[in-house]
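Remarks on the overall topology
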Amino acid sequence: MSQTMQSYIDEAEQALLHTYNRYQVVFEKGDGVYLYDMDGKRYLDFVAGIAVFALGYHNEEYNDALKAQIDKIIHTSNYYYNVPAIEAAKKLKAVSGMDRVFFTNSGAEAVEGAIKTARKYAYLKDGRTDHEIIAMNHSFHGRTMGALSVTGNPHYREAFEPMIGNIRFADLNDFDSVARQVTDRTCAILFETVQGEGGIWPATEDFMRKVRALCDERDILLILDEIQCGMGRTGEMFAWQRYGVKPDVMTTAKALGCGVPVGAFLMTEKVGENSLKAGDHGTTYGGNPLACSAVCKVLELYEKLDIPARVRETGAYLESSLDRVAAQFDCIRERRGVGLMQGLVFDRPVGDIITRAMDKGLVLINAGTDIIRFVPPLVIDRQNVDDMTAILTESIREVCGGR
Ligand SMILES: *Cc1c(COP(=O)(O)O)cnc(C)c1O
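Given the structure is predicted, the values throughout are model-derived calculations rather than measurements. (Residues numbered from 1 in each chain as written. Predicted model: local features only at pLDDT ≥ 70, side-chain atom pairs only at ≥ 80, totals over all residues. Heavy atoms only, no water.)

**With respect to the sheet that holds strand β4 (residues 100-104)**
The strand order across the open sheet built from seven strands is β4-β12-β11-β10-β7-β5-β6, with neighbouring strands paired in mixed fashion. Of all the strands in the sheet, the pair left with one neighbour each is β4 and β6 (167-170). Across the sheet, the axes of successive neighbouring strands diverge by a mean angle of 20°, strand direction being ignored. Pairing geometry for strand β5 (residues 132-136) and strand β7 (residues 186-192), over three bridges, is parallel. Paired with Glu132 across the bridge in β7 is Thr186. Where helix α4 (residues 83-96) meets the sheet, its contacts fall on β4, β11 (249-252) and β12 (263-267), and the angle it forms with β4 comes to roughly 120°. (Pairing = 2+ DSSP bridges. Helix = DSSP H or I, 4+ residues; strand = E, 2+ residues; numbered from the N terminus. Axes fitted to C-alpha atoms, helices over the stretch in contact; angles between N-to-C directions. Contact = heavy atoms within 4.5 Å.)

**Let's talk about the domain arrangement of the protein chain**
Taken as a whole, the protein chain is organised into domain 1 (5-58 + 306-400) and domain 2 (73-305). Computed over C-alpha atoms, the centres of domain 1 and domain 2 are 27 Å apart. Every contact between the two is made by 27 residues of domain 1 and, on the other side, 28 residues of domain 2. Summed over the shared surface of domain 1 and domain 2, the number is two salt bridges. Across the pair Glu197 and Arg373 runs a salt bridge whose closest N-O atoms are separated by 2.8 Å. Connecting domain 1 to domain 2 are 13 residue pairs in polar contact (both at pLDDT 80 or more). Looking at the side of domain 1 that touches domain 2, the elements that each hand over two or more residues are α2 (48-51), α12 (307-328), β13 (332-338), β14 (341-346) and β17 (371-374). Looking at which element gives the most residues to the side of domain 1 that touches domain 2, the answer is α12, with five residues. (Domains from an automatic or database assignment. Salt bridge = Lys/Arg side-chain N within 4 Å of Asp/Glu carboxyl O. Polar contact = N/O pair within 3.5 Å; in protein donor to acceptor, adjacent residues only side chain to side chain.)

**Things to note about the site of the ligand**
Close to the ligand lie Ser106, Gly107, Ala108, Phe140, His141, Gly142, Glu192, Asp225, Ile227, Gln228 and Lys254. Interatomic distance of 2.8 Å between a side-chain N/O atom of Gln228 and an oxygen atom of the ligand. With respect to the ligand, the side chain of Lys254 contributes an N or O atom lying 2.7 Å from an oxygen atom. For the ligand, the accessible surface in isolation is 380 Å², of which the surrounding protein chains cover 80%. Looking at the shell around the ligand residue by residue, the classes come out as three nonpolar, five polar and three charged. (Near = heavy atom within 4 Å. Areas by Shrake-Rupley, 256 points an atom, 1.4 Å probe, with all protein chains shown as cover. Nonpolar A, V, L, I, M, F, W, Y, C, P; charged D, E, K, R; others polar.)

**Overview of the packing of aromatic side chains**
One pass over the structure, following the stated rule, counts five aromatic pairs. Summarising the aromatic geometry, the rings of Phe27 and Tyr43 are spaced 5.1 Å apart at their centres and angled 90° between planes, so their arrangement reads as edge-to-face. Pair noted here: Phe27 is in strand β1 (residues 27-31) and Tyr43 is in strand β3 (residues 42-45), with a separation of 16 residues, a long-range link. Its relative accessible area of 33% is what places Phe27 among the partly exposed residues. For Tyr43, a relative accessible area of 4% translates into the label buried. A ring pair is formed by Phe102 and Phe265, whose centres lie 5.0 Å apart and whose planes are at 25°; its orientation type is stacked. Separated by 163 residues along the polypeptide, Phe102 in strand β4 and Phe265 in strand β12 bring together distant segments of the chain. Classification of Phe102 as partly exposed rests on a relative accessible area of 22%. The class of Phe265 is buried, set by a relative accessible area of 1%. The positively charged end of Arg42 is found above the aromatic ring belonging to Tyr34, 3.8 Å away from the centroid. (Phe/Tyr/Trp six-rings, centres within 6.5 Å; stacked < 30°, edge-to-face > 60°. Buried < 20%, exposed > 50% of the residue type's maximum accessible area, 1.4 Å probe, protein only. Lys NZ or Arg CZ within 6 Å of the ring centre and 35° of its normal.)

**Observations regarding the sheet that holds β17**
Strand order across the open sheet formed by four strands is β13-β14-β17-β16, with antiparallel pairing between neighbours. Both outer strands of the open sheet, β13 and β16 (365-366), are each paired with one neighbouring strand and no more. As paired strands, β13 and β14 are joined by six bridges and run antiparallel to one another. Looking at β14, one finds that Ile332 is bridged to Phe346.

**Examining the state of the cysteines**
Counted under the stated rule, the structure contains one disulfide. The disulfide bridge from Cys331 ends at Cys400, spanning 2.2 Å between sulfur atoms. When the S-S torsion is 95°, as for the bridge of Cys331 with Cys400, the disulfide is right-handed. Note that Cys331 is positioned in the loop between α12 and β13 and Cys400 in helix α14 (residues 382-400), a separation of 69 residues in sequence. On the basis of relative accessibility, which here comes to 4%, the residue Cys331 falls in the buried class. This cysteine, Cys215, is not joined by any disulfide, and Cys187 carries the nearest cysteine sulfur, 10 Å off. (Disulfide = S-S within 2.5 Å.)

**A short note on the side chain of Thr389**
In this structure, Thr389 sits in helix α14. Those residues in contact with Thr389 that sit more than four places away from it in its chain are Ser321 and Val325.

**A short note on unusual backbone geometry**
The omega torsion across Glu161 and Pro162 is 0°, close enough to zero to call that bond cis. In this structure, Pro162 sits in the loop between α7 (154-157) and β6. Of note, Lys254 is a non-glycine position whose phi angle comes to about 30°, a positive value. Along the polypeptide, Lys254 turns up in the loop between β11 and β12. Lys254 sits in the partly exposed class, given a relative accessible area of 22%.

Structure follows, in C-alpha cells:
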C-alpha cells in the first residue's frame, strides 16, 4: 500500500527537528504557478517558496539547462575556473551595475560575506578591529551567527547571545535615528531595500538618499540586502535601482537560482580592491557549476521574458486588487509594498485566514503574526490575481465576518 500524506507528515514529525510549525501538506510537484500535494489537490501559489520560484515551476528551458549541466559536471572547486560561474558573474554584473561577485550557497552566507567585506575594508584603512555596523530594527538577514547579529528582532537572537559585537540598531526610514548611531568606528550601514520578514516596509527615497550621502561623506559602506526584494520583484532587477541610489555592497539569493540553492554578494570595484583578498574568504560549494548554470539560465529567461516590465504591470494590478480587498474589511489596517512584494496588515493574527485559504487551494504566507505576505512567482497574470483575491476574500470573510 502506498503511503498517505498523513503518514508522511507523522514520519516527518519523528525525523525532522521541530524548527518549523509546518502546514499539514506535502507538496509533490509544481507546474507554472500551481503546486500539487500528494493527493493531487491543486493550489494556486502566492508564496513561490518565499520569493524563490520567480519563473514558476517546471519551466522546461530551466530544467533542461540543469539536466545538461548535471551530465557535464556538477562540482569542481573554487581553486579552478568553470564556465557557468564566469557566465553567471558576467550576467549578474550587467544587471546590477556592480563590479565584483562572490557566489554563496544561501542568503545568510551572502550577508556574512558582506559583513566581512565591510570589516576588512575598514581594517585596511586604520588597522583597528573595533568597527561597528548599523543595522535596522525589524530587519531580517538570516540565521547564522553573523547574519543573526544584524537581524533587528531580539526574539530571534535572545537564546543565542552573545552575538558578534559592535552592532547598533536604528529605524528604517528614520534618518536621524541612523545618524545618531554613527561614530568614528562605523564601517557600514546595512538594510533591506524593502524589509521582508519584518512586515513589507519599503525604504523611502528620502531615507535612501540621505543615508547614501552620509556614507559618502564618512567613507562608510552602504550594504543593501536584496535577498528577498531583488531579482525583479519590485519591478526593477534590484529594488535600489528604483531610487538611483547605488550600494557599495549588495546581497542577493532567493530568486537568483529559482530553486537551486545559491546566493551572492557583490561590490563595487573600489570595495573589491580594498577588502577581501586571497585567503580571506572561501566556500566549497559556492558558485559551483550546477548552481551557476541555474543562475545563467534564470538571468537569460528574465531578459527574454522581460520580467521587470511584467512585474511593473502585474504588480500594479495586484496592488489595486489588494486595495479593493482592504477597503471591504474593517479587520484590514492597510496594504503595503512594491510590485509583487505586498503585505496586508490585519488587526489580528492571520494564521486562521491562511489555513482557510489553503483549504480552498491557495497558498499564502505570513510576515510576522498580523500580516499576510504576497510574494508570488513573477510570471503570474491578471487572472491568477483575480483567482487569488476571490479565495482570499472568502477566507477573510469567514474569519473576520463582514460584507
Ligand atoms: C531570506 C532572507 C535572508 C536569508 O536567506 P537564507 O537563504 O534563508 O539564508 C536574508 N535576508 C533577507 C532579506 C531574506 O529575506
